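# Fold and geometry: a report
The primary structure of each chain is shown beneath.
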Amino acid sequence: MEPRNDTRISEFFLLGFSDAPALQSLIFGLFLSMYLISVLGNLLIILAVSSDSHLHTPMYFFLSNLSFVDICFTSTTIPKMLWNIQSKNKVITYEGCITQMYFFVLFAVLDDLLLTVMAYDRFVAICHPLHYTVIMNPRLCGLLVLVSWILSVLNSLLQSLIVLDLTFCEDLEIPQFFCELNQVIQLACSDTFLNNMMIYFTSLLLAIGPLAGILYSYSKIISSICRIASAQEMYKAFSTCASHLLVVSLFYCTSLGVYLSSAVTHSSHSSAAASVMYTVVTPMLNPFIYSLRNKDITRALKAFMGQQL
């Protein structure tokens, strides 16, 4: 198959889930509902934290940042998919695909880094409680978030720039409902060695590295909790990080499931369905996980809603 010159590339085709008209309406309604729940839930977390002075602490500062990133994360892919279903058109322009891919990679990595920062926050709070306010000062908290943004932006920019140098074949069908980096690279007719090496390197640095940091933090946390004599104190200490641990497990398990499923099966429907777990379901569940297991968030949400009524 002859490669296409970059200047002639105008559009990609997102295969999505199904072409059946009956299923299209069901998929549209389901994803619209999940998207609205995700945006509303994360927005309420941000408003609750900002409106309650008792929640102006490092843990809730990082949580509000995570909620903001989750809103951006889902907004990168779902609105375009809903528009394609409504318009019965699976086309996305070349420029739109690169832009979507850039922001998807940015917010996915930023989500990962913020979860790592939150694990470090819990490590300091439980293992060094007497020095917590000194270590986790506002300057350090702001710096950790800023560094996370900078690393995410630079990584996403670099990944997007080297994709721009690729030439593509005639068959530009992406077996997803969004422009996923690996899927776009697989469509290229030119040499993708640099792209693949960059993905492996950044995955090791920005995915495996943060995961190792999270595991190390929780190994120290568990070790510290086990040394606490009182069962009540152990429960209180563990309950402060249980929500975060559940979110981390959900994020990494669903992400790993997506790439394992894409390696095992080449079905576009299976790959797209697996991607839903970490692109839609995980951001949607995060507010529920944090609010249901956190009395401070629940109290702040009730107070905020009471002020609005």
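Residues numbered from 1 in each chain as written. Predicted model: local features only at pLDDT ≥ 70, side-chain atom pairs only at ≥ 80, totals over all residues. Heavy atoms only, no water.

The name an unreviewed UniProt entry gives the protein is Olfactory receptor 7A17-like, with Odocoileus virginianus as the organism. Within the UniProt record for the protein, the comment given under Subcellular location (unreviewed entry) is "Membrane". (UniProt positions renumbered as here; feature names shortened; annotations may be inferred.)

### Considering the pattern of salt bridges
What the rule picks out here adds up to three salt bridges. Across the pair Arg-299 and Asp-52 runs a salt bridge whose closest N-O atoms are separated by 2.9 Å. In this pair, Arg-299 is assigned in helix α10 (residues 295-308) and Asp-52 in the loop between α1 (21-51) and α2 (58-87), connecting sequence segments 247 residues apart. Residue Asp-121 is joined to Arg-122 by a salt bridge in which the shortest nitrogen-to-oxygen separation is 2.9 Å. A single burial state applies to Asp-121 and to Arg-122, both of which are buried. Bridged by salt links that share partners, the residues Asp-52, Asp-296 and Arg-299 form one connected network. (Salt bridge = Lys/Arg side-chain N within 4 Å of Asp/Glu carboxyl O. Helix = DSSP H or I, 4+ residues; strand = E, 2+ residues; numbered from the N terminus. Buried < 20%, exposed > 50% of the residue type's maximum accessible area, 1.4 Å probe, protein only.)

### Digging into a nonpolar patch on the surface
Judged by side-chain polarity, Leu-143, Leu-146, Val-147, Ile-150, Leu-151 and Leu-154 come together as a nonpolar surface patch covering roughly 520 Å² of accessible area. By the element assignment, Leu-143 lies in helix α5 (residues 138-164). Taking the relative accessible area as the measure of exposure, Leu-143 reaches 47% and is therefore partly exposed. (Patch = residues over 30% accessible without salt bridge, like charges linked within 9 Å, V, L, I, M, F, W, Y side chains within 5 Å. Areas by Shrake-Rupley, 256 points an atom, 1.4 Å probe, with all protein chains shown as cover.)

### Some points on α2
For α2, which comprises 30 residues, the first-to-last C-alpha distance of 44 Å matches the rise-based estimate of 44 Å (1.5 Å per residue) to within 8%. Most pronounced at Ser-75, the bend in α2 amounts to some 35°, and the proline Pro-79 follows within four residues. Across the 30 residues that make up α2, a large majority, 22, are buried. Looking one or two places after α2, you find Lys-88, whose phi comes out positive at around 55°. (Expected span 1.5 Å × (residues − 1). Bend = angle between axes of the 7 residues up to and from the residue.)

### Here we look at the packing of α2 against helix α3 (residues 94-127)
As a packed pair, α2 and α3 sit with axes 9 Å apart at the nearest point and diverge in direction by 160°. One element, α2, and the other, α3, form an angle in the roughly antiparallel class. Handedness of the α2/α3 crossing: left-handed. Looking at side-chain class alone, the contact of α2 with α3 contains 17 nonpolar, four polar and five charged residues. (Axes fitted to C-alpha atoms, helices over the stretch in contact; angles between N-to-C directions. Parallel < 35°, antiparallel > 145°, perpendicular 65-115°, else oblique. Left-handed = near helix turned anticlockwise from the far one by under 90°. Nonpolar A, V, L, I, M, F, W, Y, C, P; charged D, E, K, R; others polar.)

### With respect to the nonpolar core
As a rule of thumb, soluble globular proteins bury nonpolar side chains together. In this structure, Phe-31, Leu-115, Val-276 and Ile-297 are the most contacted members of the largest nonpolar core, which totals 62 residues. Residue assignment for this core shows that the elements contributing at least two residues are α1, α2, α3, α5, α7 (193-226), α8 (231-264), α9 (268-292) and α10. In terms of residue count, α3 provides more of this core than any other element does, 15 residues in total. Filtering out sequence-adjacent residues up to four positions away, Val-276 remains in contact with Phe-17, Phe-31, Met-34, Phe-177 and Val-281. Among the nonpolar cores identified, the runner-up in size contains 23 residues, and Phe-12, Met-101, Val-109 and Leu-113 belong to it. (Core = buried A, V, L, I, M, F, W, Y, C linked by side-chain atoms within 4.5 Å. Contact = heavy atoms within 4.5 Å.)

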